[in-house]
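Structural overview for review
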Amino acid sequence: MTHNTLISPKVQELQPYQPGEQPQSGGLLKLNTNENPYPPSPRVIERICAEAAADRSLALYPDPESERLCETIAACHGLARDQVFVGNGSDEILAHAFCAFFQHGNAGLLIPDVTYNFYKVYCRLFGIRAELVPVDAGLRIDLDAFAAAARACGDIAGVVVANPNAPTGEGLPLAAVQRLLTMNPSRVVLVDEAYVDFGGQSAIGLVAQYPNLLVVQTLSKSRALAGLRVGFAIGQPALIEALQRVKNSFNSYPLGRLAQAGAMAAFDDQPYFEQTRQAIMATRGWLSAKLIALGFEVLPSQANFVFARHPRYDAQQLAARLREANILVRHFRQARIEQFLRITVGTDEQAGHLVQVLEQVLANVPTDPRRTAEA
Ligand code: PMP
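Nothing here was measured: the structure is a model prediction, and the numbers come from that model.

1. Describing the pairing of strand β4 (residues 129-133)
As paired strands, strand β3 (residues 108-112) and β4 are joined by 5 bridges and run parallel to one another. When the bridges of β4 are listed, I111 appears paired with L132. The parallel pair β3 and β4 is bridged by helix α5 (residues 118-126), and the resulting crossover is right-handed.

Structure follows, in structure tokens:
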């Protein structure tokens, strides 16, 4: 950014997160931002319409603390209301959490080097030093490297992991999360479970035992509500109260009435939730097998996306060719993963179309000599 005295110096230095392309016109198969290919439960639509139609509803501010939604989430997970916090998407909760828990002078926040890129952005926003912990050669989170980093740093600001990790899709067993918690008892360990409903193991059951655990989930993926913007966090009351302090120093009403009503309805329809997440996991198995048959290396995924690379074709070029065929996938120009594509698992039909187009693309794209030498 060019220097402008009207703008705070810190803001001039920010490097914001770049979300995947969100085209406003139709006709594209969107497999680039891990949205759910199915619509939300019909009950969600009914409740949102009823809320919007209720007398004066939208003229009045919503409940600032989303009490009924927090109670619904608590009941769904067998927790108390004071163990639940909700926010305008889990991104907002992550921002509040970084502010509430990780600003400890120059202490470094331990984050895998390959993970959700927003964590580094929040570090810059809040002036937190990110201490990147390398994932192993298979792009798996390396617990020994976390232990070594914690020892080397001395005072750490906390730990953040996504489980399953993004963009790799790898799920950590609960024993690994427990190891992170016991390794760092005096700092918060934030476990971002955005994709946990697609086969991961949730740490919510550990919250009673670990005062330093904060679990963050979202309704954007498994509940098909990315457009409504609702996320939630689970932790012991002291952590929840800290999040409320930050939230109430930032925006009293993060969730509108329609979001609160729709989110509650989503938790009321467990059969629909089960059916759609099972369908996505089944399609993921099919898609992974097809990609492997086309010669891709596909990392094992417990998320609603797969992370794959081809030993002979350049990933950026493949993404560009798919784009020409109206299919969006995500490619990161980033060290260690620049030859991978992250592909959202769609419906069976969408996955079938992707495979068909990929077959044609692979038949027409020249192999990349650098990749061929590597392979
Ligand atoms: N965490 C991870 C790992 C994600 O991939 C995403 C989605 N981009 C989020 C959090 C944020 O999701 P949302 O704000 O839609 O809840």
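Read on for the rest.
2. Thoughts on the site of the ligand
In the region of the ligand, the neighbouring residues are G89, S90, D91, Y116, A166, D192, A194, Y195, T218, S220, K221 and R229. Alone, the ligand offers 400 Å² of accessible surface; in the complex the protein occludes 91% of this. More than half of the atoms belonging to the ligand lie within 2 Å of the grid points that define the second largest pocket. The dominant element in the shell around the ligand, judged by the number of residues it contributes, is helix α4 (residues 89-101), at 3 residues.

3. As for the sheet that holds strand β5 (residues 156-162)
One open sheet accounts for 7 strands, arranged β2-β8-β7-β6-β5-β3-β4; its pairing is mixed. A strand with exactly one partner marks an edge of an open sheet, and here the two such strands are β2 (84-87) and β4. Each strand of the sheet is rotated relative to its neighbour by a mean of 20 degrees, with strand direction disregarded. Sheet topology note: the strand β6 (residues 189-192)/strand β7 (residues 213-218) ladder contains 4 bridges and is parallel.

4. Some details on the environment of G20
The residue G20 is located in the loop between α1 (9-13) and β1 (29-31) in this model. Taking the C-alpha atoms as reference points, G20 and L328, separated by 308 residues in sequence, lie 9.0 Å from one another. Those residues in contact with G20, other than ones at most four positions away along the chain, are N32, T33 and R330.

5. Considerations on the domain arrangement of the protein chain
Split by domain assignment, the protein chain resolves into domain 1 (20-39 + 271-374) and domain 2 (42-268). For domain 1 versus domain 2, the separation of C-alpha centres amounts to 26 Å. Tallying the contact residues gives 27 residues for domain 1 and 29 residues for domain 2. Interface area for domain 1 against domain 2, summed over the two sides, is near 2100 Å², with a carbon-plus-sulfur share of 56%. Among the residues domain 1 hides against domain 2, the three largest losses belong to F273, Q302 and R336. Together they make up 32% of the total. Inspection of the domain 1/domain 2 interface yields 1 salt bridge.

6. Here we look at the environment of D268
Mapped onto the secondary structure, D268 falls in helix α9 (residues 257-268). Accessibility expressed as a relative area gives 38% for D268, which makes it partly exposed. Placed 192 residues apart in sequence, D268 and C76 show a C-alpha to C-alpha distance of 8.9 Å. In contact with D268, other than residues within four places in its own chain, are R43 and R47.

7. Remarks on the layout of surface pockets
The computed volume of the largest pocket comes to approximately 720 Å³. Around the largest pocket, the lining is made up of 24 residues, and of these Q18, R330, H331, F332 and R333 lie nearest the centre. For the lining of the largest pocket, the elements supplying multiple residues, two or more each, are α5, α11 (315-324) and β11 (327-329). If you tally residues by element for the lining of the largest pocket, the top one is α11, at 4 residues. Inspection of the lining of the largest pocket shows a minimum of three residues originating in each of domain 1 (20-39 + 271-374) and domain 2 (42-268). Here the second largest pocket is characterised by a volume of approximately 620 Å³. Lining the second largest pocket are 30 residues, and of these Y17, T33, D91, Y116 and K221 lie nearest its centre. It is α4 that contributes the most residues to the lining of the second largest pocket, 4 residues altogether. Taken together, the residues of the lining of the second largest pocket sort by class into 12 nonpolar, 11 polar and 7 charged. Both domains that meet at the lining of the second largest pocket, namely domain 1 (20-39 + 271-374) and domain 2 (42-268), each give it at least three residues.

Reading guide: rules and limits
- Residues numbered from 1 in each chain as written.
- Predicted model: local features only at pLDDT ≥ 70, side-chain atom pairs only at ≥ 80, totals over all residues.
- Heavy atoms only, no water.
- Pairing = 2+ DSSP bridges.
- Helix = DSSP H or I, 4+ residues; strand = E, 2+ residues; numbered from the N terminus.
- Right-handed = clockwise from strand over helix to strand, strands pointing away.
- Near = heavy atom within 4 Å.
- Areas by Shrake-Rupley, 256 points an atom, 1.4 Å probe, with all protein chains shown as cover.
- 1 Å grid on protein atoms, 1.4 Å probe; cavity = no way out; pocket = protein on both sides within 12 Å on 5 of 7 lines; lining within 4 Å.
- Sits in = over half its atoms within 2 Å of the grid points.
- Axes fitted to C-alpha atoms, helices over the stretch in contact; angles between N-to-C directions.
- Contact = heavy atoms within 4.5 Å.
- Domains from an automatic or database assignment.
- Buried area = accessible area lost by both parts, 1.4 Å probe.
- Salt bridge = Lys/Arg side-chain N within 4 Å of Asp/Glu carboxyl O.
- Buried < 20%, exposed > 50% of the residue type's maximum accessible area, 1.4 Å probe, protein only.
- Points joined across faces, edges and corners; volume = space filled by probe spheres on them.
- Nonpolar A, V, L, I, M, F, W, Y, C, P; charged D, E, K, R; others polar.

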